[in-house]
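Structure at a glance
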Amino acid sequence: QVQLVESGGGLVQPGGSLRLSCAAAGSISGIGVMGWYRQPPEKQRELVATITRSANTNYADSVKGRFTISRDNVKNTVYLQKNSLKPEDAADYYCHAQVRAPASVTDNNYWGQGTQVTVSS
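What comes next concerns the included structure. (Residues numbered from 1 in each chain as written. Predicted model: local features only at pLDDT ≥ 70, side-chain atom pairs only at ≥ 80, totals over all residues. Heavy atoms only, no water.)

1. A few points about the pattern of salt bridges
Scanning all chains against the criterion turns up 5 salt bridges. Its salt-bridge partner being Asp61, residue Lys64 comes within 3.0 Å of it at the nearest N-O pair. Asp89 is the salt-bridge partner of Arg66, the closest N and O atoms lying 2.7 Å from each other. Here the residue Arg66 occupies a position in the loop between strand S6 (57-59) and strand S7 (67-72), and Asp89 occupies one in the loop between strand S8 (77-82) and strand S9 (91-100), the gap between them amounting to 23 residues. Considered together, Arg66 and Asp89 belong to a single accessibility category, that of buried residues. (Salt bridge = Lys/Arg side-chain N within 4 Å of Asp/Glu carboxyl O. Helix = DSSP H or I, 4+ residues; strand = E, 2+ residues; numbered from the N terminus. Buried < 20%, exposed > 50% of the residue type's maximum accessible area, 1.4 Å probe, protein only.)

2. Digging into the state of the cysteines
This model, assessed by the stated rule, comprises 1 disulfide. A sulfur-sulfur distance of 1.9 Å marks the disulfide that ties Cys22 to Cys95. Between Cys22 and Cys95, the S-S dihedral sits near 45°, and the bridge is therefore right-handed. Residue Cys22 is located in strand S3 (residues 18-26), and its partner Cys95 is located in strand S9; the two are separated by 73 residues in the primary sequence. In terms of burial, Cys22 and Cys95 fall into one category: buried. (Disulfide = S-S within 2.5 Å.)

Next up, the structure:
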């Protein structure tokens with residue numbers, strides 16, 4: 001069984017920074033795409049950023065130049081460095097990973113428990 005454990009959320013003033021972490025643990029043969037999604041109150045969950053195992057990245061237009069996604073394939077961890085935070089960045093942030101079990105030839109999707117980010121002065 002695989003679990004994604006998130007950390008790093010909290011309250012920050014506009015213009016501040018946060019770094020989110022998400023570590024995968026369990027029976028893992030390999031991890032493909034990892035990513036971050038967010039869900040503001042009363043809105044749909046939306047893509048923030050994704051990163052492949054080979055470090056190919058994709059960002060939502062709203063966070064380009066401010067957020068940086070990275071991963072450590074040894075630690076099975078994905079990070080999201082968030083700079084120049086705006087009030088509209090406030091949301092519940094969820095990490096996601098495509099994980100292959102040792103005896104499997106297919107990938108399963110896993111989600112973290114979510115971490116709340118509040119941006120307010």
